[in-house]
Amino acid sequence: MTDLKLATVLVLSLSGIMLIPLMRRLARLTPDASFKDLTAGQRVHLLLCLVISQLCWWTAIVIGFINAEF
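Conventions and cut-offs
Residues numbered from 1 in each chain as written. Predicted model: local features only at pLDDT ≥ 70, side-chain atom pairs only at ≥ 80, totals over all residues. Heavy atoms only, no water. Helix = DSSP H or I, 4+ residues; strand = E, 2+ residues; numbered from the N terminus. Rg over C-alpha atoms; globule rule 2.2 N^0.38 Å. Buried < 20%, exposed > 50% of the residue type's maximum accessible area, 1.4 Å probe, protein only. Contact = heavy atoms within 4.5 Å. Areas by Shrake-Rupley, 256 points an atom, 1.4 Å probe, with all protein chains shown as cover. Lys, Arg positive; Asp, Glu negative; His and termini not counted. Charge placed at Lys NZ, Arg CZ, Asp CG, Glu CD. Phe/Tyr/Trp six-rings, centres within 6.5 Å; stacked < 30°, edge-to-face > 60°. Lys NZ or Arg CZ within 6 Å of the ring centre and 35° of its normal. Patch = residues over 30% accessible without salt bridge, like charges linked within 9 Å, V, L, I, M, F, W, Y side chains within 5 Å. Salt bridge = Lys/Arg side-chain N within 4 Å of Asp/Glu carboxyl O. Expected span 1.5 Å × (residues − 1). Bend = angle between axes of the 7 residues up to and from the residue.

Engineer: So what exactly am I meant to see when it comes to the overall build of the protein here?
Structural biologist: Check the secondary structure of the protein and you find two helices and zero strands. Here the protein has a C-alpha radius of gyration of 16 Å; the compact-globule value for 70 residues is 11 Å, and the former is much larger. If one aligns the C-alpha atoms of the protein with their principal axes, the spans along those axes are about 50 × 20 × 15 Å. Among the 70 residues that make up the protein, the fraction classed as buried is 16%. A separation of at least 24 residues holds for 66% of the contacts in the protein among residues at least 6 apart in sequence. Carbon and sulfur atoms form 72% of the exposed surface of the protein, whose accessible area is close to 5500 Å². Both charge centroids of the protein, one from 6 positive and one from 4 negative side chains, sit 12 Å from each other.

Here's what the structure looks like:
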């Protein structure tokens, strides 16, 4: 279980690194830009990283609770 938790933290870290180029592009947008103003690729990239992040965080949290119980 601990190995799986470590793997999810690694994937989470790599996902964050993969967001750096996108965040630089997003920083150049105007402050009133919305999600619709992004290109399709940027939207997919953002949503994919969001899903990966949530899966990794929740997996790590659940494993932490399971390990704390046993």
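Still more to cover.
Engineer: What is the right way to look at the packing of aromatic side chains in this model?
Structural biologist: Aromatic ring pairs are reported here in terms of the distance separating the ring centres and the angle at which the planes meet. Considering all chains together, one arrives at zero aromatic pairs under this definition. A cation over an aromatic ring shows up here: R43 above the ring of F35, its NZ or CZ 6.0 Å from the ring centre.

Engineer: Looking at this structure, I do not really get a nonpolar patch on the surface. What am I missing?
Structural biologist: Taken together, the side chains of F35, L47, L50, V51 and L55 present a nonpolar region at the surface, about 470 Å² in accessible area. Here L47 lies in helix α2 (residues 40–69).

Engineer: I tried to follow the environment of L55 on my own but got confused; where do I start?
Structural biologist: Looking at where L55 falls in the secondary structure, it is placed in helix α2. Look at L55 and you get exposed, because its relative accessible area is 55%. C-alpha of L55 to C-alpha of V11: the two residues are 44 residues apart in sequence and 10.0 Å apart in space.

Engineer: It is not clear to me how helix α1 (residues 2–27) should be interpreted in this structure. Could you clarify?
Structural biologist: Every α-helix carries 3.6 residues per turn, so stepping three or four residues along brings you back to the same face. Helix length check: α1, at 26 residues, gives a terminal C-alpha distance of 37 Å against a target of 38 Å (1.5 Å per residue), a fit within 8%. The sharpest bend along α1 measures roughly 35° and falls at I20, with the proline P21 sitting one to four residues further on. Every buried residue belonging to α1 is among T8, L12, S15 and L22, and all of these are buried. Check the buried side of α1 and you find it contacts α2.

Engineer: It is not clear to me how α2 should be interpreted in this structure. Could you clarify?
Structural biologist: Here α2 is 30 residues long and its end C-alpha atoms lie 44 Å apart, about the 44 Å a rise of 1.5 Å per residue gives. Considered for burial, the residues of α2 that qualify are Q42, C49, S53, C56, A60 and I63.

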